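# Observations on the three-dimensional arrangement
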Amino acid sequence: LSQHIVLIDNEFVNNTAVLQATESTHLAAGGAVRATALDFRLLNNHFVNNATCRLDCNQMVGNGGALAVIPAVAADDTTSLDTLVDANIFVGNHGNSGTAAILLTNLFTVTNNVFANNLAHGDQESPALDISLDDAEPAEALIANNTLYNNAGGPAVRFWGWADEQ
């Protein structure tokens, strides 16, 4: 677990989280970047043709072809505390869910990004941005001034909760 991560002005092209799924592969997250941090900043980066998996991926959960921001403490689903995704370009990324980016965080800002030609495989997946909100924690979110163009495989942006059924 990192306290603070800042990525600025990088190019991420043709990266893959899992080259070929096997029987023991059950999850691939973040083809280009997988971050677990209390404070995460992604500024002015380019993500092109990244993937969660390239071969035999049908039975695998693959989240965030380009980017996955995952819980800081997976055991109790404590999420990353503050995530900023600003002025990035996500083009041609693909995977099973949240193809360009998946955010498992409750406090986030997603602004001034371009999500174009991303492809999600599977039913009701999200080709551009997949966001999981935990209703047990307060959630503050801002999504503004983004361009989402020609993404395919489900709604461009999907919000979903992960609370237990009561």
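Before going further, it helps to examine the overall build of the chain. The helix and strand inventory of the chain stands at 0 helices and 21 strands. Expressed as a percentage of its 166 residues, the buried residues of the chain come to 43%. The contacts of the chain with a sequence gap of at least 6 include a subset with a gap of at least 24, amounting to 84%. A total accessible area of about 8200 Å² is found for the chain, and carbon and sulfur atoms account for 51% of it.

So, about the environment of valine 33. Mapped onto the elements, valine 33 comes out in strand β5 (residues 33-35). Apart from residues lying up to four places away in sequence, valine 33 is in contact with Leu7, Phe12, Phe40, Phe47, Ala66, Leu67 and Ala68.

The sheet built from 5 strands is open, its strands ordered β2-β7-β12-β16-β20 with parallel pairing. Edge positions in the open sheet fall to β2 (11-13) and β20 (147-149), since each of these has one partner strand only. On average, each strand axis in the sheet is tilted by 5° relative to the strand beside it, whichever way the strands run. Summarising the sheet, strand β7 (residues 46-48) and strand β12 (residues 89-91) pair through 3 bridges and their orientation is parallel. Among the inter-strand pairings, phenylalanine 47 is bridged to a residue of β12, identified as phenylalanine 90.

About the criteria used
Residues numbered from 1 in each chain as written. Predicted model: local features only at pLDDT ≥ 70, side-chain atom pairs only at ≥ 80, totals over all residues. Heavy atoms only, no water. Helix = DSSP H or I, 4+ residues; strand = E, 2+ residues; numbered from the N terminus. Buried < 20%, exposed > 50% of the residue type's maximum accessible area, 1.4 Å probe, protein only. Contact = heavy atoms within 4.5 Å. Areas by Shrake-Rupley, 256 points an atom, 1.4 Å probe, with all protein chains shown as cover. Pairing = 2+ DSSP bridges. Axes fitted to C-alpha atoms, helices over the stretch in contact; angles between N-to-C directions.

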